Amino acid sequence: MARREGGEINAGSMADIAFLLLIFFLVTTTMDVDTGISRKLPPMPEENIETPEIHKRNIYVVLINKNDRVLAGIGSPTNMIEIDGNGIISESLKEDVKKFVSNNGRSETSSENPDKAIVSLQNQEGTSYTMYIQVQNELTKAYNELRDEQAINDFGRKFDKLDDTEKKKIQEIYPMKISEAETKAN
Amino acid sequence: MSKFKRGTGKGMPAISTASLPDIVFMLLFFFMVTTVMRETTLEIDINPPDATEVKKMDKKSLISYIYIGPPIESQQVNFGPAARIQLNDRTFSRKEVGEIQYFIISEREAKHEKDRPYMTTSIKADENVTMGIITDVKTELRKVNALKINYSTKKRD
């Protein structure tokens, strides 16, 4: 039986196969948003275990009420943080948090050291999720900027560019202690 | 004497389509690399809020998702516009928030023993949700000791 000279596989259907696979993937997958802000929740308090007393000077309270107004202050939320016409929080919240965390005992009314400094975030039933995330964003920004400044000071590079052991050192200096309290009643 | 070509002696050469599969394969690889196999069909509308200080989550396989938002158009007739919680492929109302405990426990069982401490729960909530339902969800997570959470947000500059 003579073989056909120069037998070639007809590659015309390769394109069809490729299109089929492509359509399959287009239909079954999603370009999911996989970025976000990470947090650690506090464990449920056990019965009969007293929570240790925390001095007022070591807590920075941020309260978002049901009308999305943000109040903040050391010990109790006394100052109103401005929100511009577009609903964006002013920088003063981030600056206040940075001053509070990096106080290191300088001012008697502010935190003793960054390890004891806790930012307590409270919200109410009707608070919008968008404003809550904005506030979380500003708090994270405050810690990230403090960590960056420390990293440049100690290692000459920004926090993201450090290796794991160096990152741990900076994280020990400025641990992110953001406490999310229960929703207060309306 | 005609200076022009006489008629069209030859036809235009056919465009070679030999590289068409190559182009399609490139598109295919792009999609294979950038997308995630969708495991659940969303029954609720979610538009996540945006933030600047977001980080990419690693260890995709150890993430459990909780979707919170208003039901999609077609389901609104059944459930109304109030925010609902979706776990895998079932939705629940705010009153049934206790289901989250079973969800987390079953997700935990499905994972390897040594992976369990690294599991995180990603809360994907629509931006118009109010904090009441979110706080209820977080309380249930605390009850089952699923303490590592992540608020899913888009990145904005």
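## With respect to the overall build of chain A
Point 1. For chain A, the helix and strand inventory stands at four helices and seven strands.
Point 2. In sequence order, the secondary structure elements of chain A are arranged as α-β-β-β-β-β-α-β-α-α-β.
Point 3. Within chain A, buried positions represent 39% of all 186 residues.
Point 4. Total accessible area on chain A is roughly 11,200 Å²; 52% of this is exposed by carbon and sulfur atoms.

## A closer look at the environment of M131 of chain A
Residue and element names in this part refer to chain A.
Point 1. Its place among the elements puts M131 in helix α3 (residues 129-155).
Point 2. The spacing of M131 and V70 is 61 residues in sequence and 8.8 Å in space, taken between C-alpha atoms.
Point 3. Excluding its chain neighbours within four sequence positions, the residues that come into contact with M131 are I64, D68, V70, I83, G87 and I89.

## Overview of the sheet that holds strand β3 (residues 55-56) of chain B
Point 1. Within the open sheet, the seven strands sit side by side as β3(B)-β2(A)-β8(B)-β7(B)-β4(B)-β5(B)-β6(B). Their pairing is mixed. Strands with a single pairing partner mark the edges of an open sheet, and in this sheet they are β3 and β6 (90-92) of chain B.
Point 2. Bridge analysis of strand β2 (residues 35-40) of chain A against strand β8 (residues 148-152) of chain B gives five bridges, and the strand direction is antiparallel. Pairing of R39 of chain A across the sheet is with I149 of chain B, part of β8 of chain B.
Point 3. Relative to β2 of chain A, α3 of chain A is tilted by about 75 degrees, and along the sheet it contacts β2 of chain A together with β3, β7 (120-125) and β8 of chain B.
Point 4. Strands in contact with helix α3 (residues 99-109) of chain B are β4 (63-69), β5 (84-87), β6 and β7 of chain B; relative to β4 of chain B, the strand with the most contacts, it is inclined by about 155 degrees.

## Structural notes on the confidence of the model for chain A
Point 1. Mean pLDDT for chain A: 82, with 90% of residues reaching 70 or above.
Point 2. Mean pLDDT values over the elements of chain A span from 70, in strand β1 (residues 29-30) of chain A, up to 90, in α3 of chain A.

## Focus: helix α4 (residues 131-143) of chain B
Residues and elements named next belong to chain B.
Point 1. Here α4 contains 13 residues, and its C-alpha end-to-end distance of 18 Å stays within 8% of the 18 Å for a straight helix at 1.5 Å per residue.
Point 2. When you tally the buried positions in α4, you get eleven out of 13 residues, the bulk of the element.
Point 3. By the burial criterion, the buried members of α4 are M131, G132, I133, I134, T135, V137, K138, T139, E140, L141 and R142.
Point 4. Downstream of α4 by one or two residues, N145 has phi in the positive range, about 65 degrees.

## Notes on a nonpolar patch on the surface
Point 1. A cluster of nonpolar residues, F19 of chain A together with L20 and I23 of chain B, forms a patch on the protein surface that exposes about 250 Å² of accessible area.
Point 2. Position of I23 of chain B among the secondary structure elements: in helix α1 (residues 20-34).
Point 3. We classify I23 of chain B as partly exposed; its relative accessible area is 49%.

## Some words on the environment of R156 of chain B
Point 1. Structurally, R156 of chain B is set in the segment after β9 (154-155).
Point 2. When the C-alpha positions of R156 of chain B and T52 of chain B are compared, they lie 5.3 Å apart, and in sequence the two are 104 residues distant.
Point 3. Residues in contact with R156 of chain B, not counting those within four places in the same chain, are N137 of chain A together with D50, A51 and T52 of chain B.
Point 4. Among the polar contacts made by the side chain of R156 of chain B, one reaches the main-chain carbonyl oxygen of D50 of chain B at a distance of 3.2 Å.

## Digging into the nonpolar core
Point 1. Counting 51 residues, the largest nonpolar core has V62 and V135 of chain A together with I68 and L141 of chain B as the members making the most contacts within it.
Point 2. Element by element, the count of residues in this core is highest for α3 of chain A, at nine residues.
Point 3. Excluding its chain neighbours within four sequence positions, the residues that come into contact with L141 of chain B are L41 of chain A together with I66, I100, I104, T121, I123, A146 and I149 of chain B.
Point 4. Formed by six residues, the second largest nonpolar core is a distinct cluster that contains L22 of chain A together with V24, L28 and F31 of chain B.

## Brief notes about the interface of chain A and chain B
Point 1. Contact residues are listed per partner, giving 45 residues for chain A and 52 residues for chain B.
Point 2. Buried area between chain A and chain B, summed over both chains or domains, comes out near 4,600 Å², and the portion from carbon and sulfur atoms is 62%.
Point 3. Looking at the side of chain A facing chain B, the largest losses of area belong to D34, L41 and Y129 of chain A, adding up to 17% of the total buried there.
Point 4. Where chain A packs against chain B, one counts two salt bridges.
Point 5. K138 of chain B is the partner of E180 of chain A in a salt bridge, and the nearest nitrogen-oxygen pair spans 2.4 Å.
Point 6. Applying the counting rule to chain A against chain B returns 20 residue pairs in polar contact (both at pLDDT 80 or more).
Point 7. Those elements giving two or more residues to the side of chain A that touches chain B turn out to be α1 (14-28), β1, β2 and α3 of chain A.
Point 8. Here the side of chain A that touches chain B gets ten residues from one element, more than from any other, and that element is α1 of chain A.
Point 9. Among the residues forming the side of chain A that touches chain B, the class breakdown is 20 nonpolar, 17 polar and eight charged.

Rules used throughout
Sequence order as written defines the numbering, with residues in each chain counted from 1. Each chain is given a letter, starting from A, and each ligand a number, starting from 1, according to the order in which they appear as written. Side-chain atom pairs in this predicted model are given and counted only at pLDDT of 80 or more, local residue features only at pLDDT of at least 70, and totals for whole chains, interfaces and linings cover all residues. With hydrogens and water set aside, each side-chain value is computed from the structure's full complement of heavy atoms. For helices the rule is a DSSP run of H or I covering at least 4 residues; for strands it is a run of E covering at least 2, with both sets numbered from the N terminus onward. A simple rule labels every residue: compare its accessible area, found with a 1.4 Å probe on the protein chains alone, to the largest value its type can have, and call it buried under 20%, exposed over 50%, or partly exposed in between. All accessibility values rest on the Shrake-Rupley procedure with a 1.4 Å probe; residue burial counts only the protein chains present in the view. In what follows, a contact means two residues having at least one pair of non-hydrogen atoms within 4.5 Å. For two strands to be treated as a pair, DSSP must find no fewer than two bridges joining them. Structural elements are reduced to axes, namely lines fitted to C-alpha atoms, with helices fitted over the stretch in contact, and the angle between N-to-C directions of any two is expressed from 0 to 180 degrees. Note: pLDDT gives the predictor's confidence per residue, expressed from 0 to 100. Any helix carries an expected span of 1.5 Å times its number of residues minus one. Patch membership is restricted to residues that have no salt bridge and whose relative accessible area is over 30%. Joining uses 9 Å for like charges and 5 Å for the nonpolar side chains Val, Leu, Ile, Met, Phe, Trp and Tyr. What makes a salt bridge here is a side-chain nitrogen of Lys or Arg within 4 Å of a carboxyl oxygen of Asp or Glu, nothing more. Polar contacts, as used here, are pairs of N or O atoms within 3.5 Å; protein pairs need one atom able to donate a hydrogen and one able to accept it. Residues neighboring in sequence count only if both atoms are side-chain atoms. For this analysis, a nonpolar core means a set of buried residues of the types Ala, Val, Leu, Ile, Met, Phe, Trp, Tyr and Cys, connected via side-chain atoms within 4.5 Å. Simply put, the buried area is the total loss of 1.4 Å probe accessible area from both parts when two parts are fitted together. Polarity classes work like this: nonpolar for Ala, Val, Leu, Ile, Met, Phe, Trp, Tyr, Cys and Pro, charged for Asp, Glu, Lys and Arg, and polar for all others, with Gly in that last group.

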